[in-house]
Amino acid sequence: MAIDFTLAPEHEEIRRRVRDFIRGTVVPAVEGLDEETAATTREEYLRVIFGLRARAREEGLWLPHMPKEWGGMGLGHVELAMVQSEAAKTRLGPWILNCAAPDEGNMHTLLHWGDDEQRERYLRPLLEGAKMSCFAMTEPEVAGSDPTLIRTYAVRDGDEWVINGHKWFISNARRASFAILIARTETDVPEGSRGANTAFLVDLPQEGWNDVREVETMHGSTGHSEIVITDLRVPDGAILGGRGNGHRLGQYRLGPARLAHCMRWISQAETALDMMVDRALNRYSHGSLLADKQGVQWLVADSAMELYQCKLMVLHAASKIDKGEDFRTEVSMAKHFVAGSLNRIIDRAIQVHGALGYSTDTPLAKMFQHARWARFADGADEIHQMRIAERTIAAYRATGSTSAATGGLPL
Ligand SMILES: Cc1cc2nc3c(=O)[nH]c(=O)nc-3n(C[C@H](O)[C@H](O)[C@H](O)COP(=O)(O)OP(=O)(O)OC[C@H]3O[C@@H](n4cnc5c(N)ncnc54)[C@H](O)[C@@H]3O)c2cc1C
(Lines give C-alpha, C1' and ligand atoms only; values in the text may rest on other atoms or scores of the structure.)
Protein backbone atom coordinates (compact mmCIF):
# COMPACT_ATOMS: atom_id res chain seq x y z
CA MET A 1 0.00 0.00 0.00
CA ALA A 2 1.48 3.30 -1.05
CA ILE A 3 0.86 6.16 1.33
CA ASP A 4 2.72 9.25 0.31
CA PHE A 5 1.48 12.69 1.26
CA THR A 6 4.19 14.55 -0.62
CA LEU A 7 3.31 16.24 -3.87
CA ALA A 8 5.08 15.50 -7.14
CA PRO A 9 7.71 18.25 -7.78
CA GLU A 10 5.62 19.87 -10.53
CA HIS A 11 2.59 20.00 -8.21
CA GLU A 12 4.67 21.36 -5.34
CA GLU A 13 5.80 24.06 -7.74
CA ILE A 14 2.14 24.89 -8.55
CA ARG A 15 1.28 25.03 -4.87
CA ARG A 16 4.19 27.39 -4.23
CA ARG A 17 3.15 29.64 -7.12
CA VAL A 18 -0.48 29.78 -5.93
CA ARG A 19 0.70 30.54 -2.41
CA ASP A 20 3.04 33.33 -3.58
CA PHE A 21 0.37 34.79 -5.84
CA ILE A 22 -2.36 34.74 -3.18
CA ARG A 23 -0.25 35.98 -0.29
CA GLY A 24 2.04 38.29 -2.26
CA THR A 25 -0.36 39.79 -4.81
CA VAL A 26 -4.02 39.11 -3.98
CA VAL A 27 -4.01 39.68 -0.20
CA PRO A 28 -2.29 43.10 -0.35
CA ALA A 29 -4.49 44.19 -3.27
CA VAL A 30 -7.80 43.26 -1.63
CA GLU A 31 -6.90 44.39 1.88
CA GLY A 32 -9.39 47.07 2.88
CA LEU A 33 -11.32 46.48 -0.32
CA ASP A 34 -14.83 45.79 0.82
CA GLU A 35 -17.79 45.75 -1.51
CA GLU A 36 -20.12 45.72 1.49
CA THR A 37 -18.99 49.14 2.73
CA ALA A 38 -18.93 52.54 1.16
CA ALA A 39 -15.15 52.65 1.62
CA THR A 40 -14.63 51.33 -1.91
CA THR A 41 -16.52 52.46 -4.98
CA ARG A 42 -18.02 49.73 -7.13
CA GLU A 43 -15.80 50.79 -10.05
CA GLU A 44 -12.67 50.60 -7.94
CA TYR A 45 -13.68 47.21 -6.57
CA LEU A 46 -14.32 45.78 -10.02
CA ARG A 47 -11.15 47.28 -11.47
CA VAL A 48 -9.00 45.63 -8.78
CA ILE A 49 -10.61 42.19 -8.82
CA PHE A 50 -10.83 41.89 -12.61
CA GLY A 51 -7.19 43.05 -12.80
CA LEU A 52 -6.24 40.25 -10.42
CA ARG A 53 -8.16 37.74 -12.51
CA ALA A 54 -6.28 38.79 -15.63
CA ARG A 55 -3.02 38.46 -13.72
CA ALA A 56 -3.94 34.96 -12.47
CA ARG A 57 -4.67 33.89 -16.00
CA GLU A 58 -1.40 35.29 -17.33
CA GLU A 59 0.45 33.37 -14.65
CA GLY A 60 -1.29 30.09 -15.53
CA LEU A 61 -3.16 29.98 -12.20
CA TRP A 62 -6.57 29.73 -13.78
CA LEU A 63 -9.24 27.01 -13.57
CA PRO A 64 -7.28 24.58 -11.35
CA HIS A 65 -10.26 22.19 -11.40
CA MET A 66 -10.62 21.95 -15.18
CA PRO A 67 -8.83 19.66 -17.65
CA LYS A 68 -6.00 21.16 -19.70
CA GLU A 69 -7.90 20.71 -22.97
CA TRP A 70 -10.49 23.11 -21.57
CA GLY A 71 -7.93 25.73 -20.56
CA GLY A 72 -7.55 24.49 -16.98
CA MET A 73 -4.58 23.37 -14.92
CA GLY A 74 -5.52 19.69 -15.25
CA LEU A 75 -5.10 18.86 -11.57
CA GLY A 76 -6.50 15.81 -9.81
CA HIS A 77 -8.64 16.32 -6.72
CA VAL A 78 -5.74 15.68 -4.33
CA GLU A 79 -3.65 18.42 -5.95
CA LEU A 80 -6.75 20.57 -6.16
CA ALA A 81 -7.11 20.34 -2.38
CA MET A 82 -3.75 22.06 -1.99
CA VAL A 83 -4.61 24.77 -4.52
CA GLN A 84 -8.13 25.46 -3.21
CA SER A 85 -6.92 25.73 0.37
CA GLU A 86 -4.11 28.11 -0.62
CA ALA A 87 -6.56 30.18 -2.65
CA ALA A 88 -9.06 30.39 0.21
CA LYS A 89 -6.59 32.18 2.46
CA THR A 90 -8.54 35.20 1.27
CA ARG A 91 -12.26 35.19 0.54
CA LEU A 92 -11.86 36.37 -3.04
CA GLY A 93 -8.97 33.99 -3.82
CA PRO A 94 -11.04 31.16 -5.39
CA TRP A 95 -12.97 33.68 -7.48
CA ILE A 96 -9.73 35.27 -8.71
CA LEU A 97 -8.53 31.81 -9.90
CA ASN A 98 -12.00 31.16 -11.39
CA CYS A 99 -12.69 28.14 -9.19
CA ALA A 100 -15.35 29.56 -6.86
CA ALA A 101 -18.88 28.29 -6.21
CA PRO A 102 -21.31 28.18 -7.93
CA ASP A 103 -19.46 28.55 -11.26
CA GLU A 104 -17.02 25.81 -10.31
CA GLY A 105 -19.78 23.20 -9.82
CA ASN A 106 -21.63 24.43 -12.91
CA MET A 107 -18.48 24.00 -14.99
CA HIS A 108 -18.15 20.37 -13.88
CA THR A 109 -21.84 19.84 -14.59
CA LEU A 110 -21.69 21.31 -18.09
CA LEU A 111 -18.52 19.42 -18.93
CA HIS A 112 -20.09 16.14 -17.86
CA TRP A 113 -23.72 16.56 -18.92
CA GLY A 114 -23.70 19.20 -21.68
CA ASP A 115 -23.80 18.38 -25.40
CA ASP A 116 -21.24 19.99 -27.73
CA GLU A 117 -23.42 23.00 -28.46
CA GLN A 118 -24.24 23.61 -24.77
CA ARG A 119 -20.59 23.36 -23.83
CA GLU A 120 -19.60 25.94 -26.44
CA ARG A 121 -22.44 28.28 -25.58
CA TYR A 122 -22.45 28.05 -21.79
CA LEU A 123 -19.27 26.38 -20.55
CA ARG A 124 -16.79 28.20 -22.79
CA PRO A 125 -17.66 31.75 -21.58
CA LEU A 126 -17.51 30.56 -17.95
CA LEU A 127 -14.03 29.20 -18.52
CA GLU A 128 -13.00 32.45 -20.20
CA GLY A 129 -14.20 34.33 -17.12
CA ALA A 130 -16.45 36.34 -19.45
CA LYS A 131 -19.70 35.21 -17.81
CA MET A 132 -21.02 33.97 -14.51
CA SER A 133 -23.77 31.48 -13.71
CA CYS A 134 -26.10 30.31 -10.98
CA PHE A 135 -27.74 27.05 -9.91
CA ALA A 136 -31.42 27.29 -9.02
CA MET A 137 -32.88 24.39 -7.06
CA THR A 138 -33.97 25.43 -3.54
CA GLU A 139 -37.53 26.66 -2.91
CA PRO A 140 -38.91 28.44 0.15
CA GLU A 141 -42.11 26.36 0.33
CA VAL A 142 -40.54 22.89 0.49
CA ALA A 143 -37.53 21.34 2.23
CA GLY A 144 -34.42 21.96 0.12
CA SER A 145 -32.98 18.82 1.73
CA ASP A 146 -35.39 16.73 -0.33
CA PRO A 147 -35.33 17.86 -3.99
CA THR A 148 -38.02 15.31 -4.90
CA LEU A 149 -40.48 17.80 -3.33
CA ILE A 150 -39.75 20.58 -5.82
CA ARG A 151 -42.85 22.51 -6.90
CA THR A 152 -41.44 24.51 -9.80
CA TYR A 153 -43.14 22.92 -12.80
CA ALA A 154 -42.08 22.85 -16.44
CA VAL A 155 -44.93 21.96 -18.79
CA ARG A 156 -44.38 21.06 -22.44
CA ASP A 157 -46.00 23.39 -25.00
CA GLY A 158 -45.08 22.40 -28.58
CA ASP A 159 -41.30 22.72 -28.91
CA GLU A 160 -41.08 24.76 -25.74
CA TRP A 161 -41.37 24.34 -22.00
CA VAL A 162 -43.33 26.80 -19.86
CA ILE A 163 -41.95 27.09 -16.34
CA ASN A 164 -43.65 28.46 -13.21
CA GLY A 165 -42.30 28.38 -9.69
CA HIS A 166 -40.44 30.02 -6.86
CA LYS A 167 -36.76 29.71 -5.90
CA TRP A 168 -34.62 31.31 -3.25
CA PHE A 169 -31.06 31.53 -2.00
CA ILE A 170 -29.88 31.42 -5.59
CA SER A 171 -26.26 32.49 -5.26
CA ASN A 172 -24.86 34.79 -7.91
CA ALA A 173 -28.26 35.17 -9.64
CA ARG A 174 -27.88 38.90 -10.23
CA ARG A 175 -24.48 38.51 -11.84
CA ALA A 176 -25.33 35.40 -13.82
CA SER A 177 -25.74 35.25 -17.61
CA PHE A 178 -27.50 31.93 -17.28
CA ALA A 179 -29.00 29.59 -14.71
CA ILE A 180 -29.08 25.83 -14.41
CA LEU A 181 -32.69 25.58 -13.24
CA ILE A 182 -34.16 22.43 -11.72
CA ALA A 183 -37.88 21.97 -12.38
CA ARG A 184 -40.36 19.13 -12.16
CA THR A 185 -41.33 17.77 -15.56
CA GLU A 186 -42.73 14.32 -14.74
CA THR A 187 -46.11 14.06 -13.05
CA ASP A 188 -46.84 10.38 -13.61
CA VAL A 189 -44.04 9.09 -11.41
CA PRO A 190 -44.55 7.97 -7.80
CA GLU A 191 -44.08 10.51 -5.01
CA GLY A 192 -40.45 10.72 -3.96
CA SER A 193 -39.24 9.49 -7.34
CA ARG A 194 -35.78 10.65 -8.32
CA GLY A 195 -36.81 10.75 -11.97
CA ALA A 196 -39.29 13.64 -11.69
CA ASN A 197 -36.97 16.62 -12.18
CA THR A 198 -35.18 18.01 -15.21
CA ALA A 199 -32.38 20.59 -15.50
CA PHE A 200 -32.83 23.51 -17.90
CA LEU A 201 -30.33 26.06 -19.15
CA VAL A 202 -31.97 29.48 -18.87
CA ASP A 203 -30.44 32.60 -20.42
CA LEU A 204 -30.53 35.62 -18.12
CA PRO A 205 -32.04 38.12 -17.93
CA GLN A 206 -35.22 36.78 -19.44
CA GLU A 207 -38.92 37.53 -19.32
CA GLY A 208 -40.54 35.34 -16.71
CA TRP A 209 -37.43 35.21 -14.47
CA ASN A 210 -38.10 37.81 -11.76
CA ASP A 211 -35.34 38.50 -9.28
CA VAL A 212 -37.48 39.99 -6.50
CA ARG A 213 -34.83 40.55 -3.85
CA GLU A 214 -31.44 39.61 -2.52
CA VAL A 215 -32.12 37.83 0.76
CA GLU A 216 -30.66 39.62 3.77
CA THR A 217 -28.72 37.09 5.86
CA MET A 218 -26.73 36.99 9.08
CA HIS A 219 -23.68 37.98 7.06
CA GLY A 220 -25.44 40.78 5.21
CA SER A 221 -27.03 41.25 1.84
CA THR A 222 -25.10 38.75 -0.07
CA GLY A 223 -26.02 37.91 -3.62
CA HIS A 224 -28.45 35.10 -2.80
CA SER A 225 -31.62 35.93 -4.70
CA GLU A 226 -35.27 35.07 -4.40
CA ILE A 227 -36.70 34.37 -7.86
CA VAL A 228 -40.33 34.23 -8.92
CA ILE A 229 -40.68 32.34 -12.19
CA THR A 230 -43.78 33.18 -14.19
CA ASP A 231 -44.51 31.63 -17.58
CA LEU A 232 -40.82 31.43 -18.42
CA ARG A 233 -40.39 29.84 -21.87
CA VAL A 234 -37.37 27.80 -22.91
CA PRO A 235 -36.84 25.63 -25.98
CA ASP A 236 -36.61 21.86 -25.75
CA GLY A 237 -32.87 22.17 -26.49
CA ALA A 238 -32.45 23.95 -23.15
CA ILE A 239 -32.68 20.63 -21.32
CA LEU A 240 -29.33 19.73 -19.78
CA GLY A 241 -28.46 16.07 -19.27
CA GLY A 242 -31.73 14.58 -20.47
CA ARG A 243 -35.32 14.68 -19.30
CA GLY A 244 -35.89 13.28 -15.81
CA ASN A 245 -32.19 13.48 -14.90
CA GLY A 246 -32.39 16.65 -12.80
CA HIS A 247 -31.92 14.82 -9.50
CA ARG A 248 -28.95 12.77 -10.72
CA LEU A 249 -27.37 15.85 -12.23
CA GLY A 250 -27.75 17.75 -8.93
CA GLN A 251 -26.17 14.91 -6.98
CA TYR A 252 -23.33 14.56 -9.49
CA ARG A 253 -22.70 18.30 -9.23
CA LEU A 254 -22.68 18.28 -5.46
CA GLY A 255 -20.12 15.50 -4.87
CA PRO A 256 -16.88 17.23 -5.91
CA ALA A 257 -18.40 20.66 -5.17
CA ARG A 258 -18.94 19.66 -1.51
CA LEU A 259 -15.34 18.54 -1.23
CA ALA A 260 -14.14 21.78 -2.83
CA HIS A 261 -16.04 23.66 -0.09
CA CYS A 262 -14.18 21.53 2.49
CA MET A 263 -10.84 22.43 0.91
CA ARG A 264 -11.65 26.12 1.28
CA TRP A 265 -13.04 25.70 4.81
CA ILE A 266 -9.83 23.99 5.94
CA SER A 267 -7.98 27.14 4.95
CA GLN A 268 -10.35 29.32 6.97
CA ALA A 269 -10.11 27.00 9.98
CA GLU A 270 -6.32 27.14 9.79
CA THR A 271 -6.41 30.93 9.71
CA ALA A 272 -8.58 30.87 12.86
CA LEU A 273 -6.20 28.46 14.61
CA ASP A 274 -3.20 30.61 13.64
CA MET A 275 -4.96 33.64 15.10
CA MET A 276 -5.91 31.70 18.26
CA VAL A 277 -2.27 30.73 18.90
CA ASP A 278 -0.96 34.19 18.04
CA ARG A 279 -3.34 35.79 20.51
CA ALA A 280 -2.50 33.21 23.17
CA LEU A 281 1.20 34.02 22.75
CA ASN A 282 0.59 37.75 23.17
CA ARG A 283 -2.04 38.03 25.91
CA TYR A 284 -1.00 38.00 29.55
CA SER A 285 -3.29 37.18 32.46
CA HIS A 286 -2.92 35.89 36.06
CA GLY A 287 0.86 35.68 35.95
CA SER A 288 1.44 34.07 32.54
CA LEU A 289 0.60 34.14 28.86
CA LEU A 290 -2.69 32.59 27.73
CA ALA A 291 -0.56 30.08 25.82
CA ASP A 292 0.66 28.75 29.17
CA LYS A 293 -2.85 28.13 30.54
CA GLN A 294 -4.01 24.55 30.35
CA GLY A 295 -7.59 25.66 29.62
CA VAL A 296 -6.40 27.55 26.55
CA GLN A 297 -4.05 24.76 25.51
CA TRP A 298 -7.04 22.43 25.37
CA LEU A 299 -8.75 24.77 22.93
CA VAL A 300 -5.60 24.84 20.81
CA ALA A 301 -5.10 21.07 21.01
CA ASP A 302 -8.71 20.21 20.18
CA SER A 303 -8.56 22.54 17.19
CA ALA A 304 -5.25 21.13 15.96
CA MET A 305 -6.56 17.54 16.24
CA GLU A 306 -9.75 18.40 14.39
CA LEU A 307 -7.93 20.25 11.65
CA TYR A 308 -5.62 17.27 11.16
CA GLN A 309 -8.66 14.98 10.84
CA CYS A 310 -10.21 17.42 8.36
CA LYS A 311 -7.11 17.38 6.19
CA LEU A 312 -6.82 13.59 6.19
CA MET A 313 -10.51 13.13 5.41
CA VAL A 314 -10.40 15.57 2.53
CA LEU A 315 -7.24 14.06 1.07
CA HIS A 316 -8.65 10.55 1.32
CA ALA A 317 -11.99 11.48 -0.23
CA ALA A 318 -10.13 13.37 -2.99
CA SER A 319 -7.95 10.34 -3.69
CA LYS A 320 -11.08 8.18 -4.03
CA ILE A 321 -12.54 10.60 -6.59
CA ASP A 322 -9.24 10.58 -8.49
CA LYS A 323 -9.21 6.76 -8.57
CA GLY A 324 -12.78 6.62 -9.85
CA GLU A 325 -13.95 4.82 -6.69
CA ASP A 326 -17.29 5.34 -4.95
CA PHE A 327 -16.60 8.43 -2.83
CA ARG A 328 -20.08 9.25 -1.54
CA THR A 329 -19.63 8.15 2.08
CA GLU A 330 -16.19 9.73 2.41
CA VAL A 331 -17.37 13.03 0.92
CA SER A 332 -20.42 13.02 3.22
CA MET A 333 -18.23 12.38 6.26
CA ALA A 334 -15.74 15.05 5.21
CA LYS A 335 -18.48 17.60 4.49
CA HIS A 336 -20.14 17.02 7.86
CA PHE A 337 -16.93 16.96 9.86
CA VAL A 338 -15.13 19.87 8.20
CA ALA A 339 -18.21 22.12 8.38
CA GLY A 340 -18.58 21.40 12.11
CA SER A 341 -14.85 21.81 12.79
CA LEU A 342 -14.81 25.12 10.96
CA ASN A 343 -17.54 26.46 13.24
CA ARG A 344 -15.96 25.05 16.40
CA ILE A 345 -12.45 26.31 15.61
CA ILE A 346 -13.57 29.83 14.74
CA ASP A 347 -15.69 29.86 17.91
CA ARG A 348 -12.68 28.84 20.03
CA ALA A 349 -10.54 31.52 18.34
CA ILE A 350 -13.18 34.11 19.24
CA GLN A 351 -13.16 32.80 22.83
CA VAL A 352 -9.39 33.23 23.14
CA HIS A 353 -9.63 36.75 21.68
CA GLY A 354 -12.35 37.77 24.17
CA ALA A 355 -14.04 41.08 23.36
CA LEU A 356 -11.63 41.62 20.47
CA GLY A 357 -12.87 38.39 18.89
CA TYR A 358 -16.46 39.58 19.17
CA SER A 359 -15.59 42.93 17.61
CA THR A 360 -15.27 43.47 13.89
CA ASP A 361 -11.66 44.64 14.35
CA THR A 362 -10.47 41.13 13.42
CA PRO A 363 -11.82 38.98 10.55
CA LEU A 364 -13.13 36.38 13.03
CA ALA A 365 -16.64 37.83 13.39
CA LYS A 366 -17.19 37.81 9.64
CA MET A 367 -15.66 34.34 9.33
CA PHE A 368 -18.06 33.06 11.99
CA GLN A 369 -21.09 34.54 10.22
CA HIS A 370 -20.03 33.01 6.90
CA ALA A 371 -19.19 29.63 8.47
CA ARG A 372 -22.65 28.99 9.88
CA TRP A 373 -24.26 28.06 6.59
CA ALA A 374 -21.68 25.31 6.04
CA ARG A 375 -23.60 23.02 8.40
CA PHE A 376 -26.83 22.92 6.42
CA ALA A 377 -26.22 24.05 2.80
CA ASP A 378 -25.06 21.47 0.24
CA GLY A 379 -26.54 18.79 2.47
CA ALA A 380 -27.49 19.49 6.09
CA ASP A 381 -25.51 17.71 8.82
CA GLU A 382 -28.45 15.44 9.54
CA ILE A 383 -28.87 14.40 5.90
CA HIS A 384 -25.22 13.39 5.71
CA GLN A 385 -25.58 11.49 9.00
CA MET A 386 -28.64 9.73 7.60
CA ARG A 387 -26.75 8.65 4.44
CA ILE A 388 -23.62 7.66 6.37
CA ALA A 389 -25.73 5.53 8.72
CA GLU A 390 -27.62 3.92 5.81
CA ARG A 391 -24.37 2.94 4.10
CA THR A 392 -22.82 1.71 7.35
CA ILE A 393 -25.83 -0.52 8.06
CA ALA A 394 -25.87 -1.71 4.43
CA ALA A 395 -22.17 -2.59 4.61
CA TYR A 396 -22.76 -4.62 7.74
CA ARG A 397 -25.75 -6.39 6.20
CA ALA A 398 -23.74 -7.22 3.06
CA THR A 399 -20.49 -8.34 4.63
CA GLY A 400 -21.02 -8.76 8.37
CA SER A 401 -18.62 -5.83 8.90
CA THR A 402 -18.88 -2.04 8.87
CA SER A 403 -15.30 -1.74 7.61
CA ALA A 404 -16.25 -0.72 4.06
CA ALA A 405 -18.22 2.23 5.46
CA THR A 406 -15.29 3.70 7.37
CA GLY A 407 -13.16 4.59 4.40
CA GLY A 408 -12.59 1.03 3.20
CA LEU A 409 -9.10 1.28 4.69
CA PRO A 410 -7.02 -1.86 5.36
CA LEU A 411 -7.12 -1.54 9.13
C1 LIG B 1 -25.31 30.90 1.71
C2 LIG B 1 -26.23 29.96 1.00
C3 LIG B 1 -26.10 29.78 -0.38
C4 LIG B 1 -26.98 28.93 -1.06
N5 LIG B 1 -26.88 28.83 -2.44
C6 LIG B 1 -27.78 28.09 -3.10
C7 LIG B 1 -27.79 28.08 -4.54
O8 LIG B 1 -26.96 28.72 -5.19
N9 LIG B 1 -28.74 27.35 -5.18
C10 LIG B 1 -29.69 26.63 -4.51
O11 LIG B 1 -30.51 25.99 -5.16
N12 LIG B 1 -29.72 26.63 -3.14
C13 LIG B 1 -28.79 27.35 -2.43
N14 LIG B 1 -28.84 27.40 -1.06
C15 LIG B 1 -29.88 26.65 -0.35
C16 LIG B 1 -29.33 25.39 0.33
O17 LIG B 1 -28.94 24.46 -0.64
C18 LIG B 1 -30.43 24.88 1.27
O19 LIG B 1 -30.45 25.78 2.37
C20 LIG B 1 -30.21 23.47 1.76
O21 LIG B 1 -30.37 22.55 0.71
C22 LIG B 1 -31.19 23.11 2.88
O23 LIG B 1 -32.51 23.32 2.46
P24 LIG B 1 -33.51 24.22 3.35
O25 LIG B 1 -32.82 25.50 3.66
O26 LIG B 1 -34.80 24.27 2.65
O27 LIG B 1 -33.63 23.45 4.72
P28 LIG B 1 -34.64 22.25 5.05
O29 LIG B 1 -34.55 21.20 4.01
O30 LIG B 1 -35.95 22.81 5.40
O31 LIG B 1 -33.96 21.66 6.35
C32 LIG B 1 -33.89 22.42 7.57
C33 LIG B 1 -33.26 21.55 8.62
O34 LIG B 1 -34.11 20.44 8.88
C35 LIG B 1 -33.35 19.31 9.20
N36 LIG B 1 -33.69 18.24 8.26
C37 LIG B 1 -34.17 18.33 7.00
N38 LIG B 1 -34.42 17.12 6.47
C39 LIG B 1 -34.06 16.23 7.42
C40 LIG B 1 -34.05 14.80 7.50
N41 LIG B 1 -34.44 14.05 6.46
N42 LIG B 1 -33.61 14.23 8.64
C43 LIG B 1 -33.19 14.97 9.70
N44 LIG B 1 -33.18 16.32 9.68
C45 LIG B 1 -33.60 16.93 8.57
C46 LIG B 1 -31.88 19.74 9.12
O47 LIG B 1 -31.44 20.12 10.39
C48 LIG B 1 -31.92 20.95 8.23
O49 LIG B 1 -30.85 21.87 8.46
C50 LIG B 1 -27.97 28.22 -0.35
C51 LIG B 1 -28.08 28.39 1.03
C52 LIG B 1 -27.23 29.26 1.70
C53 LIG B 1 -27.40 29.46 3.16
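Cut-offs applied
Residues numbered from 1 in each chain as written. Predicted model: local features only at pLDDT ≥ 70, side-chain atom pairs only at ≥ 80, totals over all residues. Heavy atoms only, no water. Patch = residues over 30% accessible without salt bridge, like charges linked within 9 Å, V, L, I, M, F, W, Y side chains within 5 Å. Areas by Shrake-Rupley, 256 points an atom, 1.4 Å probe, with all protein chains shown as cover. Salt bridge = Lys/Arg side-chain N within 4 Å of Asp/Glu carboxyl O. Helix = DSSP H or I, 4+ residues; strand = E, 2+ residues; numbered from the N terminus. Buried < 20%, exposed > 50% of the residue type's maximum accessible area, 1.4 Å probe, protein only. Domains from an automatic or database assignment. Contact = heavy atoms within 4.5 Å. Buried area = accessible area lost by both parts, 1.4 Å probe. Polar contact = N/O pair within 3.5 Å; in protein donor to acceptor, adjacent residues only side chain to side chain. Nonpolar A, V, L, I, M, F, W, Y, C, P; charged D, E, K, R; others polar. Axes fitted to C-alpha atoms, helices over the stretch in contact; angles between N-to-C directions. Parallel < 35°, antiparallel > 145°, perpendicular 65-115°, else oblique. Left-handed = near helix turned anticlockwise from the far one by under 90°. Pairing = 2+ DSSP bridges. Near = heavy atom within 4 Å. Phe/Tyr/Trp six-rings, centres within 6.5 Å; stacked < 30°, edge-to-face > 60°. Lys NZ or Arg CZ within 6 Å of the ring centre and 35° of its normal. Core = buried A, V, L, I, M, F, W, Y, C linked by side-chain atoms within 4.5 Å.

1. Remarks on a nonpolar patch on the surface
Consideration 1: Together, M1, I3, F5, Y308 and L312 make up a nonpolar patch on the protein surface, roughly 620 Å² of accessible area in all.
Consideration 2: Among the structural elements, I3 can be located in the segment before helix 1 (9–30).
Consideration 3: Judged by relative accessible area, I3 falls into the exposed class, the value being 55%.

2. Focus on the domain arrangement of the chain
Consideration 1: Partitioning the chain into domains gives domain 1 (9–100), domain 2 (133–240) and domain 3 (248–405).
Consideration 2: Computed from C-alpha atoms alone, the centre-to-centre distance between domain 1 and domain 3 is 22 Å.
Consideration 3: The interface of domain 1 with domain 3 comprises 16 residues on the first partner and 16 residues on the second.
Consideration 4: Buried area between domain 1 and domain 3, summed over both chains or domains, comes out near 1200 Å², and the portion from carbon and sulfur atoms is 58%.
Consideration 5: A per-residue breakdown of the area domain 1 buries against domain 3 is headed by H77, V78 and K89, which together make up 42% of the total.
Consideration 6: E270 is paired through a salt bridge with K89; the nearest N and O atoms lie 3.3 Å apart.
Consideration 7: Our count for the domain 1 to domain 3 interface comes out at nine residue pairs in polar contact (both at pLDDT 80 or more).
Consideration 8: Residue classes in the side of domain 1 that touches domain 3 are distributed as eight nonpolar, four polar and four charged.

3. Quick notes on the pattern of salt bridges
Consideration 1: Across all of its chains, the model carries 28 salt bridges by this definition.
Consideration 2: Residue E86 is joined to R23 by a salt bridge in which the shortest nitrogen-to-oxygen separation is 3.3 Å. With E86 in helix 3 (residues 77–87) and R23 in helix 1, the pair connects residues that are 63 residues apart, well separated along the chain.
Consideration 3: For E86, a relative accessible area of 4% gives the class buried.
Consideration 4: Using a relative accessible area of 38% as the deciding quantity, one classes R23 as partly exposed.

4. So, the packing of helix 8 (residues 294–322) against helix 9 (residues 328–353)
Consideration 1: At their nearest, the axes of helix 8 and helix 9 sit 9 Å apart, and the two run at 155 degrees to each other. It follows that helix 8 is roughly antiparallel to helix 9 by the angle criterion. Helix-helix and strand crossings are classified by hand; for helix 8 and helix 9 the assignment is left-handed.
Consideration 2: In terms of residue class, the contact of helix 8 with helix 9 is built from 15 nonpolar, five polar and six charged.

5. Considerations on the pairing of strand 2 (residues 153–157)
Consideration 1: Pairing of strand 2 with strand 3 (residues 160–171), which is carried by five bridges, proceeds in the antiparallel orientation. The residue bridging V155 from the neighbouring strand is V162, located in strand 3.
Consideration 2: Taken together, strand 2 and the strand that follows it, strand 3, pair antiparallel across an intervening segment of two residues, in which G158 is found at a positive phi of about 65 degrees.

6. Overview of the site of the ligand
Consideration 1: Surrounding the ligand, one finds 16 residues, the nearest of these being F135, T138, G144, S145 and F169.
Consideration 2: M137 is positioned with one of its backbone polar atoms (N or O) 2.9 Å from an oxygen atom of the ligand.
Consideration 3: A distance of 2.6 Å separates an oxygen atom of the ligand from a polar atom in the side chain of S145.
Consideration 4: Burial of the ligand by the protein chains amounts to 67% of its free accessible area of 970 Å².
Consideration 5: Secondary-structure elements contributing two or more residues to the shell around the ligand are strand 1 (133–136), strand 3 and helix 12 (381–399).
Consideration 6: The dominant element in the shell around the ligand, judged by the number of residues it contributes, is strand 3, at three residues.
Consideration 7: Here the residues of the shell around the ligand are counted per class, giving ten nonpolar, five polar and one charged.
Consideration 8: Among the domains, domain 2 (133–240) and domain 3 (248–405) are the pair contributing at least three residues each to the shell around the ligand.

7. Details of the packing of aromatic side chains
Consideration 1: Tallying each qualifying case throughout the model produces six aromatic pairs.
Consideration 2: Centroid distance Y122 to F178: 4.8 Å. Interplanar angle 65 degrees. Geometry classified as edge-to-face. Remark: F178 occurs in strand 4 (residues 178–184) and Y122 occurs in helix 6 (residues 116–128); sequence separation between them is 56 residues.
Consideration 3: Residue classification places F178 among the buried positions, given a relative accessible area of 1%.
Consideration 4: Centre to centre, the rings of W265 and W373 are 6.0 Å apart; their planes meet at 70 degrees, and the pair counts as edge-to-face. Here W265, found in helix 7 (residues 246–282), pairs with W373, found in the loop between helix 11 (364–371) and helix 12; they are 108 residues apart in sequence, far enough to count as distant.
Consideration 5: Just above the ring of W95 sits the side chain of R53; from NZ or CZ to the centre is 3.7 Å.
Consideration 6: Positioned over the ring face of F337 is R344, at 5.9 Å from the centre of the ring.

8. A look at the nonpolar core
Consideration 1: Membership of the largest hydrophobic core comes to 40 residues, with the highest contact counts inside it found for L259, V314, I346 and L364.
Consideration 2: Mapped onto this core, the elements with two or more residues apiece are helix 3, helix 7, helix 8, helix 9 and helix 11.
Consideration 3: When residues of this core are assigned to domains, at least three fall in each of domain 1 (9–100) and domain 3 (248–405).
Consideration 4: Apart from residues lying up to four places away in sequence, L259 is in contact with V314, A317, A318, I321, V331 and A334.
Consideration 5: With 24 residues, the next largest nonpolar core counts V30, Y45, C99 and M132 among its residues.

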